[in-house]
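Results of the structural survey
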Amino acid sequence: MNPESTDDHSSRSRTNGAAAGSNDVSVRGSRESPDPSDAKAVGADIRRRNNITVTGRVDGPVLLLAHGFGCDQNMWRLVLPLLAGDYRLVLFDYVGSGRSDPSAWSEERYSSLEGYASDVLDVCEELDLRDVIFVGHSVSAMVGVLAAARAPQRFSRLVMVAPSPRYIDEDGYRGGFSADDIGELLESLESNYLGWSAAMAPVIMGNPDRPELGQELSTSFCATDPDMARVFARTTFLSDSRADLKTVTVPTLVLECRQDVIAPREVGAYINDAIPGSRLVTLEATGHCPQLSAPQATAVAITDFIGAAR
């Protein structure tokens with residue numbers, strides 16, 4: 001496996017630090033559902049802006065892997081070797097995360113999940129990706145739903161890793177947090193982001209017997225610009241994408257962990273019920289990041305699903 005940045009002037013990807021260069025040929029067409037507020041993003045170099053990385057089998061089915069809040073494409077590194085032999089793997093960083101171009105960030109654009117969906121569609125258009133299998137972690141699972149609704153011709157399947165369409169409990173729905181819980185979480189994050197990151201990362205990651213995982217997530221959180229992280233956090237934890245689930249028409253895998261404080265199992269069951277024909281798989285894993293804590297099981301679940309959906 002030899003991940004390569006698709007822009008030979010961009011920063012090296014943290015996926016493995018490989019230098020740039022790609023065999024991809026970009027075919028530019030009209031953008032799907034352009035947002036009039038994102039003129040700055042449209043004019044940017046998308047490959048550099050989103051730190052696009054392509055690896056794996058050149059002629060394989062395309063897996064587009066999207067990270068969650070406070071993370072970047074490096075969070076997928078343990079599953080890459082398990083998938084690279086069969087799939088063409090496309091990774092990127094949302095603007096405001098990882099090694100993306102911070103000058104392209106706009107609070108207006110990224111105060112809505114639609115802004116992150118626009119990043120996904122920009123990447124798809126830049127590389128002219130078709131029949132994409134979108135693999136979204138955490139809030140990115142819902143970003144994938146929005147992107148597929150806006151450009152259905154681009155996507156063939158959705159894989160939702162530890163997803164949640166709504167984090168706040170309501171009558172008849174358990175998201176895992178009360179409104180007061182989320183209010184306190186955001187207040188703590190906004191008043192002391194670094195302190196919040198150090199305290200919350202081990203809780204989100206779980207696996208207290210493997211403290212290095214919590215430390216890695218904390219490091220990822222702390223590497224994110226606090227102002228941009230605050231916007232992404234509010235966008236994530238205050239979002240309600242439940243109504244969007246009815247737009248899903250492609251085969252979908254809902255991949256949950258046996259124990260996850262961010263996305264309890266009631267959420268997985270809710271999504272599975274809301275998307276007709278979806279497949280719910282519960283990993284024998286704990287925490288909110290199975291691609292790090294249980295990469296083998298995560299990769300097997302993804303490949304089994306893709307094979308079954310063919």
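Above this note sits the structure.
The text that follows walks through the structure, step by step, so that each part is easy to find. (Residues numbered from 1 in each chain as written. Predicted model: local features only at pLDDT ≥ 70, side-chain atom pairs only at ≥ 80, totals over all residues. Heavy atoms only, no water.)

1. Brief notes about the pairing of strand β3 (residues 62-66)
Where we set the bar: The cut-offs for exposure are 20% and 50% of the maximum accessible area for each residue type, with area from a 1.4 Å probe on protein chains only; residues under the lower value are buried, those over the upper are exposed, and the others partly exposed. Put simply, DSSP marks the helices as runs of H or I at least four residues long and the strands as runs of E at least two long, and each gets a number from the N terminus on. Strand pairing is assigned whenever DSSP detects at least two bridges linking the two strands.
Here β3 lies mainly inside the structure; 5 of its 5 residues are buried. Every second residue of β3 is oriented toward a common face, with V62, L64 and A66 on one face and L63 and L65 on the other, all of them buried. As paired elements, β3 and strand β4 (residues 88-91) share 4 bridges and run parallel to each other. By the bridge assignment, L64 is partnered in β4 with V90. With 4 bridges connecting them, β3 and strand β5 (residues 132-137) associate as parallel partners. Looking across to β5, one finds that L65 is bridged to V135.

2. Thoughts on helix α6 (residues 179-191)
As a reminder, the rule being used: Here the expected length of a helix is defined as 1.5 Å per residue gap, with one fewer gap than residues. What the arc describes is the spread of directions from the helix axis to the C-beta atoms. Any two residues whose heavy atoms approach within 4.5 Å at even a single point are treated as in contact.
The terminal C-alpha atoms of α6, which comprises 13 residues, lie 18 Å apart, in line with the 18 Å expected from a rise of 1.5 Å per residue. Along α6, the residues that are buried comprise I182, L185, L186 and L189. End-on view of α6: buried residues confined to an arc of 95°, all on one side of the axis. Facing away from the buried side of α6, by more than 90 degrees, are the exposed residues D180, E184, E187 and S191. On the buried face of α6, the contacting elements are α7 (193-205) and α9 (226-237).

3. A word on empty space enclosed by the protein
Condition: Only protein atoms enter the 1 Å grid used here. Points where a 1.4 Å probe fits but cannot escape make up a cavity, open sets with protein on both sides within 12 Å along at least five of seven lines make up a pocket, and a residue lines them when an atom lies within 4 Å of a point. Grid points are joined across faces, edges and corners, and a volume is the space filled by probe spheres set on the points. Following the grouping adopted for this structure description, the nonpolar residues are Ala, Val, Leu, Ile, Met, Phe, Trp, Tyr, Cys and Pro, the charged ones are Asp, Glu, Lys and Arg, and the polar ones are all others, Gly among them.
Counted under the stated rule, the structure contains 3 cavities of 30 Å³ or more. The calculated volume of the largest cavity comes to roughly 120 Å³. The wall of the largest cavity is formed by 14 residues, among which F69, S138, I204, F221 and H288 lie closest to the centre. Sorting the residues of the lining of the largest cavity by element identifies α8 (211-222) and α9 as the ones contributing at least two each. Within the lining of the largest cavity, the residues separate by chemical class into 9 nonpolar, 5 polar and no charged.

4. A short note on the pattern of salt bridges
Formally: Within this document, salt bridges are pairs made up of a side-chain nitrogen of Lys or Arg and a carboxyl oxygen of Asp or Glu, the two lying within 4 Å of each other.
Under the definition given, this model contains 18 salt bridges. Residues R166 and D240 are paired through a salt bridge, measuring 3.9 Å at the closest nitrogen-oxygen approach. Here R166, found in the loop between β6 (155-161) and α6, pairs with D240, found in the loop between α9 and β7 (252-259); they are 74 residues apart in sequence, far enough to count as distant. Looking at R166, the relative accessible area reads 12%, which means it is buried. Ionic pairing is found between E266 and R174, a salt bridge with its closest N-O pair at 2.8 Å. Highlighted residues: E266 in helix α10 (residues 265-274) and R174 in the loop between β6 and α6, separated in sequence by 92 residues. Among the residues examined, E266 registers a relative accessible area of 41% and is labelled partly exposed.

5. Observations concerning unusual backbone geometry
A positive phi angle, close to 60°, is found at S138, a residue other than glycine. Positionally, S138 belongs in the loop between β5 and α5 (139-150). Phi at A162 takes a positive value of approximately 50°, unusual for a residue other than glycine. Here A162 is to be found in the loop between β6 and α6. Of the residues examined, A162 reaches a relative accessible area of 2% and is grouped as buried.

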